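Take a look at the letters that make up each chain.
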Amino acid sequence: LKSVDDEKKKKKQKEAHNRILDAALETIVQHKISGTRVRLIADQAEISPGHLHYYFDSKKELMLDLLDNMIESLYNSRKEALKSSEDEDLDKLNVFFEQKKESILDQKIPVALFDFWVQSTIDETIRKKMQASYLGWSADIKELLEKAAAKGIISKKNIEIIPYLMISIMDGAAIQYILNEESFEIGRASCRERV
């Protein structure tokens, strides 16, 4: 009976933790990291600031957990999409573009990640987390390119630079959308028509 109660308690704590992270993301989108306050996050999560502090000792701890959560979520969804893709070789690169497109259309994650990128210029911990994320992203792309090169599909000549160029293009698309949503188009219809 105790283990059932423990499981219920853990589930409830996990739900509260996730609600706080969702509220933090919403708050960042509305106020940016520099304008985010624990009270604003607690209000968004519909809990007291004291209850929020039960889960997170500080705003910084919460921000770092949110960043880890976003990076892990994107990584896991990318890995799952790559694993389940029936495409072969270079066609699997579409997984990266599709994931970025979905992220751009969601809008919250690119806005928050862009703000974390800005914060990384002054916060070493955030910088290291962002660097690790980019390294993982480029390693996944490079792995596909190396498989294609081993089969003679592409030249090995530019394998080192292509991941960085792809990431730059995808991040550039996210920034363009953040700055000019009305005129930015993805696919056949503008983003505004799709949302």
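Up top you'll find the structure we're talking about.
This section reports on the structure supplied with the text. Predicted, not measured: the structure shown is a model, and the values here were computed from it.

Another aspect to go through is a nonpolar patch on the surface. Together, Phe 114, Trp 117, Val 118, Ile 175, Ile 178 and Leu 179 line one region of the surface with nonpolar side chains, adding up to about 530 Å² of accessible area. Elements that contribute at least two residues to the nonpolar patch include exactly α6 (108-119) and α8 (162-179). With respect to the helices, strands and loops of the structure, Ile 178 is situated in helix α8.

Before going further, it helps to examine unusual backbone geometry. Look at Lys 32: it is not a glycine, yet its phi comes out positive at around 65°. By secondary structure assignment, the location of Lys 32 is in helix α1 (residues 2-35). Even without being a glycine, Gln 107 presents a positive backbone phi close to 75°. Mapped onto the elements, Gln 107 comes out in the loop between α5 (94-106) and α6.

Let us look at α6. Helix length check: α6 (twelve residues) gives 17 Å between terminal C-alpha atoms against 16 Å at 1.5 Å per residue, within 8%. Burial in α6 covers these residues: Ile 109, Pro 110, Val 111, Ala 112, Leu 113, Asp 115, Phe 116 and Gln 119.

The next subject is the packing of aromatic side chains. Taken as a whole and judged by the stated rule, the model has three aromatic pairs. Between Tyr 54 and Tyr 55, the ring centres sit 4.9 Å apart and the planes meet at 85°, which makes this aromatic pair edge-to-face. Owing to a relative accessible area of 18%, Tyr 55 belongs among the buried residues under this scheme. On the basis of an interplanar angle of 15° and a centroid distance of 6.0 Å, the ring pair of Phe 114 and Trp 117 is categorised as stacked. With Phe 114 and Trp 117 both in helix α6 and three residues apart, the pair spans about one turn of that helix. Classification of Phe 114 as partly exposed rests on a relative accessible area of 36%. The partly exposed category is assigned to Trp 117, whose relative accessible area is 43%.

Mapping Met 170 onto the fold places it in helix α8. According to the relative accessible area criterion, Met 170 is buried, its value standing at 2%. Note: C-alpha distance between Met 170 and Phe 96 (74 residues apart in sequence) is 8.6 Å. Filtering out sequence-adjacent residues up to four positions away, Met 170 remains in contact with Phe 96, Phe 97, Lys 100, Ile 104, Trp 137 and Ile 141.

Using the criterion set out here, one finds twelve salt bridges in the structure. The salt bridge involving Asp 171 is made with Lys 100; its shortest N-O contact spans 3.1 Å. Here Lys 100 lies in helix α5 and Asp 171 lies in helix α8, a separation of 71 residues in the sequence. Put simply, Glu 143 and Lys 147 hold a salt bridge, and the shortest N to O gap is 3.5 Å. In this pair, Glu 143 and Lys 147 both sit in helix α7 (residues 124-150), four residues apart, roughly one turn of the helix. Among the residues examined, Lys 147 registers a relative accessible area of 46% and is labelled partly exposed. Beyond isolated ion pairs, a larger network of salt bridges with shared partners links Arg 78, Lys 79 and Asp 140.

So, how was this worked out
- Residues numbered from 1 in each chain as written.
- Predicted model: local features only at pLDDT ≥ 70, side-chain atom pairs only at ≥ 80, totals over all residues.
- Heavy atoms only, no water.
- Patch = residues over 30% accessible without salt bridge, like charges linked within 9 Å, V, L, I, M, F, W, Y side chains within 5 Å.
- Areas by Shrake-Rupley, 256 points an atom, 1.4 Å probe, with all protein chains shown as cover.
- Salt bridge = Lys/Arg side-chain N within 4 Å of Asp/Glu carboxyl O.
- Helix = DSSP H or I, 4+ residues; strand = E, 2+ residues; numbered from the N terminus.
- Expected span 1.5 Å × (residues − 1).
- Buried < 20%, exposed > 50% of the residue type's maximum accessible area, 1.4 Å probe, protein only.
- Phe/Tyr/Trp six-rings, centres within 6.5 Å; stacked < 30°, edge-to-face > 60°.
- Contact = heavy atoms within 4.5 Å.

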